[in-house]
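An overview of the molecular structure
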Amino acid sequence: MYLFRKNLEAQKAVNINVPRKRRMMCLNESTLDPFEAIKDKIIDKMKDVHLNRYFNDVTGQLYTKLAEYAEVEEDQLVFGNGVDEMLYYLFTAVRESSESFAVSFSPSYFDYKSYCNAVGLTIKHVNLDENYANDIDAFLEIAADDNCKLLILCNPNNPTGQLLTEEQVLRILNNTDKLVLIDETYFEFSKVTYKNLISKYSNLIITRSFSKAFSAAGLRFGYLISNADNIVQLKKVMTAFNIGLMTQTIALCILEERHIFLAHTAEVIKFRNEVYARLKKIPQLKVVNTHTNFLLLSLADKTKQLFDFLQENDIALRDVGAHPIMKNHIRVTISSKEDNDIFVQKVNEFVREKC
Ligand SMILES: Cc1ncc(COP(=O)(O)O)c(C=O)c1O
């Protein structure tokens, strides 16, 4: 007899299967390790944080600092173990019945589906077209269904790296009263945010991450911005003390030293544009520039061979080819100068020999 929720039995467990290679250019991580960059500060601050306690002043300090950075009020914020945990809580809070669903464009961040599945919320998709254009009419039509509880916009989108226009975002917000999530995980790369619309649209929710520009994927820290009432509702489904004091302390240190991480982000953007320009010179290769820390590539029917060749050369990329419009596409995370140089060199070598 199956002892868990019926529709779990057929579901697959979330399993991130990533090869361990010398040059990890597959998960949109940073090469700057916060613990190396600001170790003394972290150790110093940890001296006032007593891990025998459930809570400490660091929580209040982190809310204050994060509100200052995000330019919102403290009661408009809540934080979690990465954006992922924020998504999980949000999906839990909106699910009304087995008929409830969220709508998102596709392809988009894969784990929207994983966490919707996890909490028993269906997810419906509106496919992007071949040029990654968003069909807003189709999206709004699905959203109009009574059972639609949440509209998800990934901006910039992963894996296409593209932004919706402001006009598109406003059209969506002006034509629904359902909750609208704008996932701004790559905000520091795109510099586009809709947080100023939170005072106008009470249904708007924004998520941001410390995993990308703040270089701290392994820290697991992300936050959600909305109006104070929505934050209260979300807190009703959250576990108590969901973020450990050590994580909060490191997040606070990162914010206090954010100039280091934001300077690194600026460098990654520069590297991304350089890698893009160098790859553009290869006529056989399709390369898509983005508003993120990754690029999208396709070498038509040789893409899989290129992917394998790079793996054999100790470079891990991400195969994003599952969606029909992404067939034969791979994603490369911009890395250190050395990694980027070797990567471009190896792509050139492959094209010279095999195309
Ligand atoms: C669009 C998007 N949203 C959310 C996440 C998850 O972020 P976090 O590491 O903060 O959980 C990612 C991670 O790659 C992402 O690309």
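Structure report, in brief. Everything numeric here is computed off the predicted structure, so don't read it as measured data.

1. Focus: helix α4 (residues 82-94)
Helix length check: α4, at 13 residues, gives a terminal C-alpha distance of 19 Å against a target of 18 Å (1.5 Å per residue), a fit within 8%. Extensive coverage of α4 is indicated by the burial of 11 of its 13 residues.

2. Describing unusual backbone geometry
At the junction of Ser106 and Pro107, the peptide bond is cis and its omega measures out at 5 degrees in the coordinates. For the bond from Asn158 to Pro159, the omega torsion is 20 degrees, close enough to zero to count as cis. Structurally, Pro159 can be placed in the loop between β5 (148-154) and α7 (166-174). Of note in this structure, Ala300 is not a glycine but carries a positive phi near 45 degrees. Considering the arrangement of structural elements, one finds Ala300 in the loop between β10 (294-298) and α12 (303-312).

3. Some words on the site of the ligand
If you check the shell around the ligand, you find 13 residues, and the closest are Gly82, Val83, Asp84, Ser209 and Ser211. Ranked by residue count, the leading element in the shell around the ligand is α4, at 3 residues. Of the residues contributing to the shell around the ligand, the split by class is 4 nonpolar, 7 polar and 2 charged.

4. A look at the environment of Ala228
Examined against the element boundaries, Ala228 turns out to sit in helix α9 (residues 228-235). A sequence separation of 150 residues divides Ala228 from Val78, and the C-alpha atoms of the two residues are 9.7 Å apart.

Rules of the game
- Residues numbered from 1 in each chain as written.
- Predicted model: local features only at pLDDT ≥ 70, side-chain atom pairs only at ≥ 80, totals over all residues.
- Helix = DSSP H or I, 4+ residues; strand = E, 2+ residues; numbered from the N terminus.
- Expected span 1.5 Å × (residues − 1).
- Buried ≥ 20, exposed ≤ 12 C-beta atoms within 10 Å, placed from the backbone.
- Near = placed C-beta within 6 Å.
- Nonpolar A, V, L, I, M, F, W, Y, C, P; charged D, E, K, R; others polar.

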